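An overview of the molecular structure
The residues making up each chain are set out below.
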Amino acid sequence: MVFLRLAAAFGLSLVLIGCTDRSLSPVTPQALQVGTPKTIFVATNRTELPDGSFGPERSDKNSLLELTVSIPPNHTPGQLEFGYGDPDPQNKFTLAARHQFENRAAFDRRLNEQLNRYSPNERDVLVFVHGFNSTQTETAFRAAQLTHDLNTPGATVIYSWPSLGSPLGYAYDGDSVMFARDGLEDLLRHLRKAGAGRIVLAAHSMGTVLTMEVLRQIEIKTPNWSDENLAGVVLMSPDLDLDVFHSQMRRMERVPQPFLVFVSRKDTILSLSQRLRGTYSRERLGNLSSTDQVADLPIEVIDTTAFDKNADSSHFVTATSPALLSLLNQAKATHDAFSVNPRVIGIGAALPQTALITRREGQAAVLTLTGGTR
């Protein structure tokens, strides 16, 4: 099932240091001669550039694309080498093909071709909403890496909102999140009409702000749409103010289940976000030290702090920790063996019980991942 395999897997917040031109990701068809292809669908309200790529400027319309990413033959789970400039497909993720659909009907046909490769109970669509400081190609590379590592069935659609793709673009990205709300709502509603089975909505960092704002405005227009049409919501390292999060959740009479929030008390990026906002004493949702402030909500809080040491990024633990990826694969195997109703099983029910400590605080279930030891 896509939900458990991707529940803790996605996100992208890169602070790259050096002279690499991150906007340059050429299409290299010959990469498929050495790498493994992975299809990533894209909906974006970025503006198209003359070379066919999509940059940081904002567009009033959604463009629909299909990207083929070449995964290098020496790839190891949890690792991602971005292919910029003149990439070596033997060692780096490389963009091998890019196709823009002329209309929604063409997008729908191709999406259904992808879904029909799987059995009816595996025709899930994962919609991934990236975070701050992300280019479109970087997001596609990360989506390809993790769906490959976790052997995820169904189709993956990234919603590529117009991030500046710069560590100095925090304010611009914050405005772009608000600009992108209608586009993401349009995508979600369309996917239900286009033949998607279950839709899992996953977001990382600043992308969780966009996701929650969209769920709120959908609920205002169409009460209970989220619960009736989403098979799960996953917020990873959410860069969300707690008061704002509560106001967004209050709009949902019925909260989609499972609803997972992945946190880490050692998330240095969220600590920086607190400083940028002048609210250092106020924790963000993604680095809560205590779940008392969300105990009234019907959500599962997954504490990944214990995996921080073997992850490449404290703001990216769920994607860069090989140990956590292994744990998710164990959860997938458990789910496949025992699950009857994929809408009601949460990640806590499928994870190996030696790897977590579970308690309930009010409505919230709190799972602390221990790395397999207590």
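Above: the structure in question.
A quick note: this is a predicted structure, and the numbers were derived from the prediction, not measured.

1. Regarding the overall build of the protein
Counting its secondary structure elements, the protein contains 12 helices and 11 strands. A buried classification covers 60% of the 374 residues belonging to the protein. In the protein, once contacts between residues fewer than 6 apart in sequence are set aside, the share between residues at least 24 apart is 76%.

2. Looking at the pairing of strand 1 (residues 36-48)
Pairing of strand 1 with strand 2 (residues 54-71), which is carried by 11 bridges, proceeds in the antiparallel orientation. Residue pairing for strand 2: Lys-38 is matched across the bridge by Val-69. Remark: five residues form the turn of the hairpin made by strand 1 and strand 2, two consecutive strands paired antiparallel; Gly-52 in that turn has positive phi of roughly 95 degrees.

3. Some thoughts on the side chain of Gln-114
Within the secondary structure, Gln-114 sits in helix 2 (residues 104-115). Owing to a relative accessible area of 7%, Gln-114 belongs among the buried residues under this scheme. When residues no more than four places from it in sequence are discounted, the contact partners of Gln-114 are Thr-39, Phe-41, Gly-154 and Ala-155.

4. A short note on unusual backbone geometry
Geometrically, the link from Gln-257 to Pro-258 is a cis peptide bond, its omega value of -5 degrees lying close to zero. The residue Asn-133 is not glycine, and still its phi comes out positive at about 60 degrees. Among the secondary structure elements, Asn-133 is positioned in the loop between strand 4 (125-129) and helix 3 (136-149). Phi is positive for Asn-224, which is not a glycine, with a value near 70 degrees. Turning to its location among the elements, Asn-224 is positioned in the loop between helix 6 (207-221) and helix 7 (225-229).

5. Structural notes on the environment of Ser-70
With respect to the secondary-structure elements, Ser-70 resides in strand 2. Here the alpha-carbon distance between Ser-70 and Ala-144, two residues 74 residues apart in the chain, equals 8.6 Å. Every residue in contact with Ser-70, bar those within four places of it in the chain, is listed here: Ala-31, Leu-32, Gly-35, Thr-36, Lys-92, Phe-93, Thr-94 and Ala-96. There is a polar contact of 3.2 Å between the side chain of Ser-70 and the backbone oxygen of Ala-31.

Cut-off values and rules
Residues numbered from 1 in each chain as written. Predicted model: local features only at pLDDT ≥ 70, side-chain atom pairs only at ≥ 80, totals over all residues. Heavy atoms only, no water. Helix = DSSP H or I, 4+ residues; strand = E, 2+ residues; numbered from the N terminus. Buried < 20%, exposed > 50% of the residue type's maximum accessible area, 1.4 Å probe, protein only. Contact = heavy atoms within 4.5 Å. Pairing = 2+ DSSP bridges. Polar contact = N/O pair within 3.5 Å; in protein donor to acceptor, adjacent residues only side chain to side chain.

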